[in-house]
Amino acid sequence: MIIDIHGHYTTEPPAVHAFRDKQLAAIADPARKPATTDLGIPDEALVKSVQPQLDFQKQRGSDLTLFSPRASGMAHHVGTEAIGQQWARVSNDLIHRVCTLLPDNFAAVGQLPQFPGAPIESCIPELERIVGLGFVGVNLNPDPSGGYWKSPPLTDRYWYPIYERMCALEVPAMIHVTSSCNPAVHFTGAHYINGDTTAFMQLLQGDLFRDFPTLKFVIPHGGGAVPFHWGRYRGLAQDMKKPLLGEHLMKNVFFDTCVYHLPGIELMAKVIPVDNILFASELLGAVKGIDPETGHHFDDTRRYVDQVKSLSDTDRYKIFEGNARRVYPRLDAFLTRRGKPGKAPK
């Protein structure tokens, strides 16, 4: 089975954008506030909206995508805390509907209603609600300010209440920033990669997993700059008198394969332990074009994993399926209930 752990709803029906426009317009003019959160989108329109994802699944040979709201659309820095709460609920309800309609293709990952300066406890009710709906994970934004990094580091006790509930519910988080309102920082080309790299460094500097030994984070986009500078981070950990990275972080931190060229995936496979790599393509995400050097889509990442000669069949099973089941226990339970158990560990 091929499980893609990183997919976003980037093909939403127009009614979703119309609702969001009204939400934000109401900041200046309350009379323009949406009259209802019922977007009036029939099931048929939802299924049609994800046809591009379904087509790519068939063409590229993947089976199931972990599906979450558009990352740039989370926009935690926009509006008010109340607007963010409503937007998260509406976005998550759409994800739930898509995943309920197409359970063989999608499993749900949720958006948290974070807001700059707001207590993280305000996200717990939505976390608990979506887990009750069958969601298997969440996206956690380390920078709700949108490129200005005003929140405490991920190791700060500010975050502990949400970690406690995540651990109790067995829900991992993908550490994923949203759009950037800093004009000096492009969102997909800089802010996303900065966010991934910064999150790893924050975790390296602290001792978070001493307090939360079962907490699990996925750092997307191949871990940002981390694999390429693995020696730097090993050296920094040593200088800071931290344990070796394998002991300090790698029981709890995982990277996905949203890296859009073969040399990048080969480097990841050489540097990062195979138990810490999860297959993903960001379907549909930041780069949608065709690579003129290969004739294939940049984000067709299965092609890259398939070409890494150093990987054994066991390694490939871990990357494509086994690691996802281990990191996302609710996903494993969901698949098992549907008659798709994983392989027993050897």
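What you see is a predicted model; the values in this text were computed from it and never measured. Throughout, residues of each chain are indexed from 1 in the direction in which the sequence is written. Reporting of local features is limited, given that this is a predicted model, to residues whose pLDDT is at least 70; pairs of side-chain atoms are given and counted only at 80 or more, and all residues count toward the totals for whole chains, interfaces and linings. Computation of side-chain values covers all heavy atoms of the structure but excludes hydrogens and water.

Visitor: Got a minute to help me understand the overall build of the protein chain in this structure?
Guide: Strands here mean DSSP runs of E at least two residues long; helices mean DSSP runs of H or I at least four residues long; both are numbered from the N terminus. Of the regular secondary structure elements, the protein chain holds 15 helices and eight strands. In this treatment the radius of gyration is a C-alpha quantity, and the globule benchmark scales as 2.2 Å times the residue count to the 0.38 power. Taking 2.2 N^0.38 as the reference for a compact globule, 346 residues should give roughly 20 Å; the C-alpha atoms of the protein chain span a radius of gyration of 19 Å, in line with that estimate. Its C-alpha atoms give the protein chain principal-axis dimensions of about 60 × 45 × 40 Å. Every one of the 346 residues in the protein chain was classed for burial, and the buried ones make up 54%. Burial classes follow relative accessibility: with a 1.4 Å probe on protein chains only, a residue under 20% of its type's maximum area counts as buried, one over 50% as exposed, and anything between as partly exposed.

Visitor: Explain the packing of aromatic side chains here, please?
Guide: Each aromatic ring pair is specified by the distance between its two centres and by the angle formed by the two planes. Between the rings of Phe, Tyr and Trp (Trp by its six-membered ring), a pair exists once the centres lie within 6.5 Å; its type follows the angle of the planes, with under 30 degrees stacked, over 60 edge-to-face, and the other angles tilted. Summed over the entire model, instances satisfying the criterion amount to 14 aromatic pairs. Geometrically, the ring pair formed by Y158 and W159 is edge-to-face, given 5.1 Å between the ring centres and 90° between the ring planes. Using a relative accessible area of 24% as the deciding quantity, one classes Y158 as partly exposed. By the ring-pair criterion, three or more aromatic residues cluster together here, those being Y160, Y163, F209, F212 and F217.

Visitor: Is there a simple way to think about the environment of H77 in this case?
Guide: Relative to the helices and strands, H77 resides in the loop between α4 (71-74) and α5 (81-101). Spatially, the C-alpha atoms of H77 and Q114 are 8.5 Å apart, while their sequence positions differ by 37 residues. Any two residues having at least one pair of non-hydrogen atoms within 4.5 Å are treated as being in contact. Those residues in contact with H77 that lie beyond four places of it in its chain are P116, P144, S145, G146, T178, S179 and C181.

Visitor: Is there a simple way to explain empty space enclosed by the protein in this structure?
Guide: The gaps left among the atoms become clear once a water-sized probe is rolled over them. Here the term cavity refers to a set of points on a 1 Å grid, laid over the protein atoms alone, in which a 1.4 Å probe fits but cannot get out; the term pocket refers to an open set having protein on both sides within 12 Å along at least five of seven lines, with lining residues being those that place an atom within 4 Å of a point. Grid points are joined across faces, edges and corners, and a volume is the space filled by probe spheres set on the points. Under the definition given, this model contains four cavities of 30 Å³ or more. What the largest cavity holds in volume is close to 70 Å³. Looking at the largest cavity, the residues that line it are D4, F56, R60, G61, S62, F279, S281, L283, D299, D300, T301 and R302. Counting only elements with at least two residues in the lining of the largest cavity, the list comes to α3 (51-60) and α13 (301-307). When residues are grouped by polarity, Ala, Val, Leu, Ile, Met, Phe, Trp, Tyr, Cys and Pro land in nonpolar, Asp, Glu, Lys and Arg in charged, and all others, Gly among them, in polar. For the lining of the largest cavity, the class distribution of residues is three nonpolar, four polar and five charged.

Visitor: Help me understand the pattern of salt bridges in this model?
Guide: It is possible for side chains bearing opposite charge to pair when their charged atoms get close. Salt bridges are counted wherever a side-chain nitrogen of Lys or Arg sits within 4 Å of a carboxyl oxygen of Asp or Glu. Tallied over the entire structure, the rule returns 17 salt bridges. As a salt-bridge pair, D299 and R60 come within 3.0 Å of each other at their nearest N and O atoms. Of this pair, D299 sits in the loop between β8 (277-278) and α13 while R60 sits in helix α3, and the two are 239 residues apart along the sequence. Taken individually, D299 and R60 each receive the classification buried, so the pair is uniform in this respect. Taken together, the salt bridges that share partners define one network made up of D93, E126 and R129.

Visitor: I'm lost on the layout of surface pockets in this one. Help?
Guide: Of the volumes computed, that of the second largest pocket is approximately 340 Å³. Together, 19 residues line the second largest pocket, and I193, H221, C258, V259 and Y260 are the ones closest to its centre. Looking at the lining of the second largest pocket residue by residue, the class counts come to 12 nonpolar, six polar and one charged.

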